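Take a look at the letters that make up each chain.
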Amino acid sequence: MEKDRRRQLTRRLRLALLVLVSLLAGVPFFPLVALGPQQVVYGINSKMGVHTRLTDEVEPWKIKRTLEMVREMGATWTVEYFPWAYYEPSPGAFDWTHADLVVDHARRQGLTVIARLGFVPEWARPDPEEQPTTFTYLDEDNYEAFAEYVYAFVERFRGRVHHIVIWNEPNLSLEWGYRAVDPEAYTALLRAVYPRAKAADPNVVVLGGALAPTLAPVGDPEGMNDLDYLQRMLDAGAGEVMDGLAVHAYGWRLPPDAPADPATVSFRRTELLHQLLVEAGHADLPIYITEGGWNDHPRWTKAVQPSERAAHTLRAYDKAAEEWPWCEAVVLWAFRYPRPANTYQDYFTFVTTDFTPKPIYFAAQRYARGEGP
């Protein structure tokens, strides 16, 4: 008993010293947050998911609480962003502290993580004095550097993360370094990344695309129609260097059962992308919806009523489960933001920044429990 008391006293003194040092150094002190017991997601739809935004969430208890609430809602899948610049700030120097925290908490909650990889560090971009760029700019000279980051990430999380998405919305100029979008160049990026990912883990699922649904006309400087972009990717051989296609499926003002139409952005536009895979001889490549959903802002022109948003969301989950055997997951945008956007973007979320559930959260939770709308 005396030894136990001494150990407890020693631990308390160490903790007090750590707090004191942190305060004197002016560093915020965050107590350790235990992972807790292994959890299981209970729900009627194994394709149900929600996109988390923990990239800039620094408090461990908020990371844990976010993922607990995702599990309690009944979602199985989550997409999380792991920026290259955050985890390899200088060549070959990796810091996985935050990534480990997010992945381990997600796994302990019984969630399957799809990792989105991108965000170029300054050292992998041109000299800013010679050519100003943004964090979405990556030229072919540095494709191999990015491929090595992908290798390091997949190796680090082998057995913990089984799905990765290469880049985000490359069919938009904004996401392609404010350059003219280039499906062939993006396919070359996949070709550089794919063998390195497989070398790190032969079983990792490499997802290409993550295409933004857009009706941009030919020659539009801001982007390319996602159907045209995918066709050119496939013509360039992308089907051989990806294990599935990541798709963004926003409904705007249309319900999820609105007919698929090349001239319209809708949830069922996903079917048109799947058909392109089929026609190119890649019917075996599954689709993962890694963003999507509806917005209920009271004044945004593409928003719907909160009751419509709830109904559309549940129907979208159901539709994928009942009618789309080629769709593996429906991961809608977005569960929670670390801080308010103070724009219409806040009306995509399922809970507020202070973890207050919105009506959409409770609707999804009832659905997952089989309780109906």
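All residue numbers here refer to positions counted from 1 along the written sequence of the relevant chain. Selection of residues for local features in this predicted model requires a pLDDT of at least 70, selection of side-chain atom pairs for listing and counting requires 80 or more, and totals for whole chains, interfaces and linings are taken over all residues. Remark: hydrogens and water are excluded; side-chain values derive from all non-hydrogen atoms of the structure.

Section: helix 9 (residues 306-323)
Rules: Put simply, DSSP marks the helices as runs of H or I at least four residues long and the strands as runs of E at least two long, and each gets a number from the N terminus on. In this scheme, a helix's expected span is set at 1.5 Å multiplied by one less than its residue total. Each residue's exposure class comes from its accessible area (1.4 Å probe, protein chains only) as a fraction of the maximum for that residue type: buried when under 20%, exposed when over 50%, partly exposed otherwise. By definition, residues are in contact when any of their heavy atoms lie within 4.5 Å.
Spanning 18 residues, helix 9 covers 25 Å between terminal C-alpha atoms, matching the ideal 26 Å at 1.5 Å per step. Within helix 9, the full set of buried residues consists of Arg309, Ala310, His312, Thr313, Leu314, Ala316, Tyr317, Lys319 and Ala320. Against the buried residues of helix 9 lie strand 1 (48-51), helix 8 (269-279), strand 8 (327-333) and helix 10 (359-368).

Description of the layout of surface pockets
Just so we agree on the cut-off: Only protein atoms enter the 1 Å grid used here. Points where a 1.4 Å probe fits but cannot escape make up a cavity, open sets with protein on both sides within 12 Å along at least five of seven lines make up a pocket, and a residue lines them when an atom lies within 4 Å of a point. Grid points are joined across faces, edges and corners, and a volume is the space filled by probe spheres set on the points. Note that Gly is not counted as nonpolar here; it falls among the polar residues with everything else outside the nonpolar set of Ala, Val, Leu, Ile, Met, Phe, Trp, Tyr, Cys and Pro and the charged set of Asp, Glu, Lys and Arg.
Taken as a whole, the largest pocket spans an internal volume of roughly 840 Å³. Every residue lining the largest pocket is counted, 31 residues in all, and those nearest its centre are Tyr250, Glu291, Trp333, Tyr344 and Gln345. In terms of residue class, the lining of the largest pocket is built from 19 nonpolar, four polar and eight charged. There is about 280 Å³ of room inside the second largest pocket. Along its surface, the second largest pocket is lined by 15 residues, and Arg116, Phe135, Thr136, Asn168 and Glu175 are the ones closest to its centre.

A look at helix 6 (residues 183-200)
This is how it is decided: The term bend refers to the angle at a residue between two fitted axes, each drawn through seven residues, those ending there and those starting there. We define a polar contact as two N or O atoms separated by no more than 3.5 Å, with the added condition that, inside protein, one atom must be a possible hydrogen donor and the other a possible acceptor, whereas residues neighbouring each other in sequence contribute only through side-chain atom pairs.
If you check helix 6, its first and last C-alpha atoms are 26 Å apart, about what 18 residues at 1.5 Å a residue would give, namely 26 Å. Maximum bend of helix 6: about 25 degrees, positioned at Val193, with proline Pro195 one to four residues after it. Restricting attention to buried positions, one finds in helix 6 the residues Pro183, Ala185, Tyr186, Thr187, Leu189, Leu190, Ala192, Val193, Tyr194, Ala197 and Ala200. The opening residue of helix 6, the one whose side-chain oxygen lies 3.2 Å from the backbone nitrogen of Glu184, is Asp182.

Points about the pairing of strand 6 (residues 244-250)
This is how the line gets drawn: For two strands to count as paired, DSSP must find a minimum of two bridges between them. Orient the strands so they point away from the viewer; a crossover is then right-handed if the path from the first strand over the helix to the second runs clockwise.
Within strand 6, seven of the seven residues are buried, leaving the element largely enclosed by the surrounding structure. Side-chain alternation along strand 6 places Gly244, Ala246, His248 and Tyr250 on one buried face and Leu245, Val247 and Ala249 on a second face that is also buried. Strand direction decides the pairing type here: strand 5 (residues 205-211) and strand 6, joined by four bridges, are parallel. Looking across to strand 6, one finds that Leu211 is bridged to Val247. With helix 7 (residues 226-235) bridging strand 5 and its parallel neighbour strand 6, the resulting β-α-β unit is right-handed. Pairing between strand 6 and strand 7 (residues 287-293): six bridges, direction parallel.

Focus: the pattern of salt bridges
Quick reminder of the rule: Just to be clear on terms, a salt bridge is a Lys or Arg side-chain nitrogen sitting within 4 Å of an Asp or Glu carboxyl oxygen.
Tallying each qualifying case throughout the model produces 19 salt bridges. Arg196 is the partner of Glu148 in a salt bridge, and the nearest nitrogen-oxygen pair spans 2.7 Å. With Glu148 in helix 5 (residues 143-156) and Arg196 in helix 6, the pair connects residues that are 48 residues apart, well separated along the chain. Across the pair Arg158 and Asp201 runs a salt bridge whose closest N-O atoms are separated by 4.0 Å. Taken together, the positions of Arg158 in the loop between helix 5 and strand 4 (163-166) and Asp201 in the loop between helix 6 and strand 5 put the pair 43 residues apart, joining distant regions of the chain. Shared partners join several salt bridges into a network, and the residues in it are Asp257, Arg315, Lys319, Glu322 and Glu323.

Quick notes on the packing of aromatic side chains
Rules: Two rings from Phe, Tyr or Trp (for Trp, the six-membered ring) form a pair when their centres are within 6.5 Å of each other. A pair whose planes differ by under 30 degrees is stacked, one over 60 is edge-to-face, and the rest are tilted. Two conditions define a charge sitting above a ring: the NZ of Lys or the CZ of Arg must be within 6 Å of the ring centre, and it must be within 35 degrees of the ring normal.
One pass over the full model with this rule turns up 37 aromatic pairs. Ring plane angle 50 degrees and centroid distance 6.4 Å describe the contact between Tyr149 and Phe153, whose orientation is recorded as tilted. Separated by four residues within a single helix, Tyr149 and Phe153 lie in helix 5, roughly one turn from each other. Neither residue differs from the other here; Tyr149 and Phe153 are each classed as buried. Ring geometry for Tyr344 against Phe348: centres 6.5 Å apart, planes inclined by 65 degrees, an arrangement best described as edge-to-face. Its end group placed over the ring of Tyr81, Arg116 keeps NZ or CZ at 3.7 Å from the ring centre. The residue whose ring lies beneath Arg309 is Phe350, and the NZ or CZ to ring-centre distance is 5.3 Å.

Examining the confidence of the model for the chain
Our working definition: Each residue carries a pLDDT value, the predictor's own confidence for that position, ranging from 0 to 100.
Summing up the model confidence of the chain, the mean pLDDT is 93 and the portion of residues at 70 or higher is 91%. This stretch, residues 18-25, has a pLDDT under 50; its non-local contacts, to residues over four places away or in other chains, come to four contacts.

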